[in-house]
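Here is how the chains run, residue by residue.
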Amino acid sequence: MGNINLFSEGGIVITVVLILIPVIVASLIVIVRTNASLRRYIKRKELERLTNYIKELNPAETEQLEKRKKELEFTLNNAELGTDLPTLDPKGLIDNVNTVESIRFVQQKRKGQPRPFIEPELTRLILWYLGCAVAWLLFGTSVGEYVGIKFAAPDIDHLSWLSFGRLRPVHTNAVFWGWASLAMIGLAYYVIPRVSNVPIASIKRGYYSLILINASVIAGSVSLMAGINNGGGEYREYIWPVMSLFGFGVIISLVNFLKTIAKRATREIYVSNWYIISAIMFLLVIAFVAYWPSWQNGLGETIVQGYYMHQGVGMWFMLFNLGLMYYFLPQQLNKPIYSYSLGILAFWAQILFYTLIGTHHFIFSAIPWWLQTVAIVGSVGMVIPVVAGTTNFLMTFNGSWNKLTGSYTLPFYLIGIIFYFTGSLQGTAEAFRFTNLAWHFTDFTVAHSHLTMYGIISFMLWGFFYTIVPRLTGKEPPQITVGAHFWLALIGLLFYTFPLMYGSTLRGLMWMEGKPFIDTVTFMGPYWLWRAIGGSLMWFSHILFTYNFYVMLRRKSDVELPKSAAEILQLKKETTINPQA
């Protein structure tokens, strides 16, 4: 066969790069952790030396510190201009004016709120849900990253288990049922007891649900890679025994939540519980309809597929996340939701209109024309809940926009709300017959699904994670890596979606003009490259998110050195009382 330079093959180069990335990242993590441990050791030794020095302070030095403490505690009495104070600067306004004790390159954000009392058993359960969700996010998007690269380098491998047709549903189902679903249910175990003012009904049931859902995603991923699937139904590629495990897991949590709400100490059922419980009930109905055997043939299966695919996104993920937003957003802004009535209007309007729109994926198909028209009308009707919900959230923000700059959680909330409005109305625009003719069956639908599932669901969930985990563990994430996560995810999403939407629009017009299909494939090459670039940025942001989550779980407390006069005096007082300190 002659001499072959493997590194001249694009697929080999990409594979080597993908292998090197985790190796380099792991090496950097080891270096950073070693450096951090060394710094903590040095600070501890410095603290010991400083403590010994403070023990030996003479009365004159102590008097000087007391004097400095009084200067720093000085408050104006509105009569300073009429006094004859000496130029000793007793106010402490001039001394140390050039001292900077923190790095100014990264703006310091407000830290999380103090931890409320939460049962330790419930805390562990919630963290298990969130930890498993993070693991599935990293796994699912790593598969998605590999699949995205295949668009730019289709010959990267020749293994059946790693073929595009098998890996693509592994990616979508892992992030749907593993990442987003486990994250939402885990967060609900925090929200529902708190708004009901009672403990969760059963911790043990929560673990049963967690085990069944994880088992479902593991079995589903393995079976899909082995070529065992449910046929061509998008997002329902899991065979029915696998999906049954997921369904039973969800049913157990539903019973748990209903028993908790039934024991609530409040008269009203808060709007968050409306959304969360309804989302779970809709999911069970949707899954039952999608897998019922007598509805899996002919045109009926197409109609059921449209119903399942869209209801899964809108009545499970969207409805559930909106319920979480109605709890976390007012709590983070420390103010009530703008309008409870708007929340209820959006709730019932979404149930009315969203359940009708699944067929808009099959415009100009053999499905009855009237049913296609009903789906288009329902898509237009979705303007009502989307505008009502967005208005409610933005008006809750109104008067508190200044809090955005000092918070590392609220930007995630705001981006999720913005994409909720833009992504949902983009879905309405796609439902019209002409736009459907141009955009459907192109990568425009891929861009749209990422704008919604990623821009809305994932950004909201990340905001909720950064809100709740510090409260559960008492440990803050590094703000610089939270910011890097936010910007890499947002920029990556824009790099991913905008080129795909633009290129797919031109491709759809080429189809309508009768251009050869293969010409439209080669035409999309540069846009698929942008898709791979954007996906890589998004994937790297997930690595940072995983690191942040780990730090919030395991971070060791830093050794704090006393800086101000008051802190030095306090340390002296403590060492005087306890000489062994």
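Given the structure is predicted, the values throughout are model-derived calculations rather than measurements.

Enquirer: Describe the overall build of the chain, with residues and values.
Expert: When helices and strands are tallied, the chain shows 18 helices and zero strands. Looking at the 581 residues of the chain, the share that counts as buried comes to 50%. In the chain, 83% of the contacts between residues at least 6 apart in sequence involve partners at least 24 apart. As displayed, the chain has an accessible area near 28400 Å², and 67% of this comes from carbon and sulfur atoms.

Enquirer: I'd like a description of the packing of helix H4 (residues 164-196) against helix H8 (residues 298-333), backed by residues and values.
Expert: Running from N to C, H4 and H8 point in directions that differ by 35°, and their axes come no closer than 10 Å. Relative to H8, the crossing made by H4 is left-handed. Contact residues: H4 offers Phe176, Trp177, Ala180, Ser181, Met184, Ile185, Leu187, Ala188, Tyr190, Val191, Arg194 and Val195, while H8 offers Tyr308, Val313, Trp316, Phe317, Phe320, Asn321, Leu324, Tyr327 and Phe328. Class assignment for the residues of the contact of H4 with H8 results in 18 nonpolar, two polar and one charged.

Enquirer: Please provide a residue-by-residue account of the packing of aromatic side chains, values included.
Expert: Taken as a whole, this structure holds 50 aromatic pairs when the rule is applied. Taken together, a centroid distance of 5.4 Å and an interplanar angle of 90° make the contact between Phe151 and Phe164 edge-to-face. Note that Phe151 is positioned in helix H3 (residues 120-152) and Phe164 in helix H4, a separation of 13 residues in sequence. Its relative accessible area of 22% is what places Phe151 among the partly exposed residues.

Enquirer: So what about the environment of Ala566? Which residues, and what values?
Expert: Position of Ala566 relative to the elements: it lies in helix H18 (residues 565-577). Relative accessible area serves as the criterion here: at 35%, Ala566 is assigned to the partly exposed category.

Enquirer: Requested: an account of the packing of H3 against H4, with residues and values cited.
Expert: Across the interface, H3 lies against H4 with an axial gap of 8 Å and an inter-helix angle of 160°. Relative to H4, the element H3 is oriented roughly antiparallel. By crossing handedness, the relation of H3 to H4 is classed as left-handed. Considered class by class, the residues forming the contact of H3 with H4 number 28 nonpolar, six polar and two charged.

Enquirer: Describe a nonpolar patch on the surface, with residues and values.
Expert: Where nonpolar side chains cluster on the molecular surface, the patch consists of Trp487, Ile491, Leu494, Phe495, Phe498, Leu529, Trp530 and Ile533 and spans about 750 Å² of accessible area. Looking at the nonpolar patch, the elements with two or more residues in it are helix H15 (479-512) and helix H17 (525-554). Top contributing element to the nonpolar patch by residue count: H15, with five residues. Tracing the chain through its elements places Phe498 in helix H15.

Enquirer: Could you give me a rundown of the environment of Thr505, with the residues and numbers involved?
Expert: By the element assignment, Thr505 lies in helix H15. Setting aside residues no more than four positions away along its own chain, Thr505 makes contact with Trp439 and Phe444. In terms of polar contacts, Thr505 uses its side chain to reach the side chain of Trp439, at 2.9 Å.

Parameters at a glance
- Residues numbered from 1 in each chain as written.
- Predicted model: local features only at pLDDT ≥ 70, side-chain atom pairs only at ≥ 80, totals over all residues.
- Heavy atoms only, no water.
- Helix = DSSP H or I, 4+ residues; strand = E, 2+ residues; numbered from the N terminus.
- Buried < 20%, exposed > 50% of the residue type's maximum accessible area, 1.4 Å probe, protein only.
- Contact = heavy atoms within 4.5 Å.
- Areas by Shrake-Rupley, 256 points an atom, 1.4 Å probe, with all protein chains shown as cover.
- Axes fitted to C-alpha atoms, helices over the stretch in contact; angles between N-to-C directions.
- Left-handed = near helix turned anticlockwise from the far one by under 90°.
- Nonpolar A, V, L, I, M, F, W, Y, C, P; charged D, E, K, R; others polar.
- Phe/Tyr/Trp six-rings, centres within 6.5 Å; stacked < 30°, edge-to-face > 60°.
- Parallel < 35°, antiparallel > 145°, perpendicular 65-115°, else oblique.
- Patch = residues over 30% accessible without salt bridge, like charges linked within 9 Å, V, L, I, M, F, W, Y side chains within 5 Å.
- Salt bridge = Lys/Arg side-chain N within 4 Å of Asp/Glu carboxyl O.
- Polar contact = N/O pair within 3.5 Å; in protein donor to acceptor, adjacent residues only side chain to side chain.

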